[in-house]
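Chain residues, written in single-letter form:
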Amino acid sequence: MAFVHEVGRTTRVMFASVCAFPTVFRSRDSRADFGVQLYKTGIGTLPVVTVVSLFTGMILALQVGLELRRFNQEIYLGAAVMITLIREMAPFSCGMCLAACVGSAIAAELGTMKVNDEIDALEIMSISPVRFLAAPRILALVVMAPLLAFFCCAIGTLGGGIVGATQLGVNFEQYMSSAMSMAEVKDLMVGLLKALIFGLVIGTVSVAQGMGTSLGATGVGRATQRSVVVSFLMILMLGYMVTRVFYR
C-alpha cells in the first residue's frame, strides 16, 4: 500500500506540474526563476557532462575498435560509436548526470523547505507549491535534457575519434564520415525523446521526494537518496521500453 501511495502521489505531482507549465511564463518573477533553473540544470552540469560524455565515447571507441580490428573492419568504428551514443549512451549518460547533480539538489532543497514548514507557509498564503516550486524545476529539466544529450553525443563522438586516430590507426576524417553516413534522423529523434522523458521523470521524482520529506535532517537525507536511486532505476527501465517500441 505504501508503494501504491508513493506512485500515486508522484504521478499526481507530475500531472499537476505539467498543467502548471504555462504559468511559468506569466510573470517576470516566474520567468526569472525559470531562467535560474535553466542555468543550474544546463550550465551548472556542463563540466560533469563534458567529462562523462568524453570518456564514454573514448571507452566505446576503444572497446569496439579492438573487436573490429580482429576482422579488419576499423572503417566502421565511427558508425558504431555514433549509433551507440545517439540511440542509448548519450541520453543515458545525460540522465545519470542530471539525476546525480540536479535531482539530488532539488530533493534536498525542497526537503529542507518541507521540514522547515516553508512549503506549508506557501499553502497558507494560497500559493501553490506545485506551481511556484515544482513546475519551473521540472520544466527546466525537460528543456535542458535533450540539449545536453545532443551535447553528450557530439563530445562522445569527438572522444571516440581521438581514440581511433591515436590508438587504433583510424583516420579522423574517415571516422567522422562513417559516423555521419550511418546515423539516421530517427536515431536522433529517439535519443532526444529518451532524454526528454528522462528529464521529466528525474524532475518529477526529485520534486515528489523532496515535498514528501519528514523526520527532519534524517528525512532530507533519505529523500535525496531515494530520488537518485529511483531516478536511476526509472532511466534504465524507460530506456529499454522506448528502445523496444521504436526498434523491433
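Each chain carries its own residue numbering, running from 1 in the written order of its sequence. In keeping with the predicted nature of the model, local features appear solely for residues at pLDDT of at least 70, side-chain atom pairs appear and are counted solely at 80 or more, and the whole-chain, interface and lining totals rest on all residues. Excluded from the side-chain calculation are hydrogens and water; included are all heavy atoms of the structure.

As a packed pair, helix H8 (residues 185-211) and helix H9 (residues 216-246) sit with axes 9 Å apart at the nearest point and diverge in direction by 155°. Considering their axes alone, H8 and H9 lie roughly antiparallel with respect to each other. In this structure, the crossing between H8 and H9 has a hand that is right-handed. Contacts from Lys-186, Val-190, Leu-193, Lys-194, Ile-197, Phe-198, Val-201, Ile-202, Val-205, Ser-206 and Gln-209 of H8 reach H9 at Ala-223, Arg-226, Ser-227, Val-230, Ser-231, Met-234, Ile-235, Leu-238, Gly-239, Val-242, Thr-243 and Phe-246. Polar here means any residue other than Ala, Val, Leu, Ile, Met, Phe, Trp, Tyr, Cys and Pro, which are nonpolar, and Asp, Glu, Lys and Arg, which are charged; Gly is therefore polar. When its residues are assigned to classes, the contact of H8 with H9 shows 14 nonpolar, six polar and three charged. Fitted lines through C-alpha atoms serve as axes, helices being fitted only where they are in contact, and the angles separating the N-to-C directions of these axes extend from 0 to 180 degrees. For the purposes of this entry, the term helix denotes a DSSP run of H or I that reaches at least four residues, the term strand denotes a run of E that reaches at least two, and both are numbered from the N terminus. Each angle gets one of four labels, with under 35 degrees taken as roughly parallel, over 145 as roughly antiparallel, 65 to 115 as roughly perpendicular, and the rest as oblique. Helix crossings are classified by the rotation of the near helix relative to the far one: an anticlockwise turn of less than a right angle makes the crossing left-handed, while a clockwise turn makes it right-handed. The contact definition used throughout considers only heavy atoms, calling two residues in contact when any of these lie within 4.5 Å.

Remark: exposure states derive from per-residue accessible area (1.4 Å probe, protein chains only) relative to the maximum for the residue type, with buried under 20%, exposed over 50%, and partly exposed in between. Tyr-175, Ser-178 and Ala-179 are the residues of helix H7 (residues 172-182) that are buried. In an axial view of H7, the angular spread of the buried residues amounts to 100°, which keeps them on one side of the axis. Facing away from the buried side of H7 by over 90 degrees, the exposed positions are Glu-173, Met-180 and Ser-181. Looking at the packing, one finds that the buried side of H7 touches helix H4 (77-115) and helix H6 (129-167). Throughout this description, a polar contact denotes any pair of N or O atoms lying within 3.5 Å of each other; where both atoms belong to protein, one of them has to be capable of donating a hydrogen while the other can accept it, and for residues adjacent in sequence the pair is counted only when both atoms sit in side chains. Between a side-chain oxygen at the N-terminus of H7 and the backbone nitrogen of Glu-173 the separation is 2.9 Å; the capping residue is Asn-171. Within this analysis, the arc is defined by the directions that extend from the helix axis to the C-beta atoms.

Bear in mind that shape data such as this cannot, by itself, settle questions of function.
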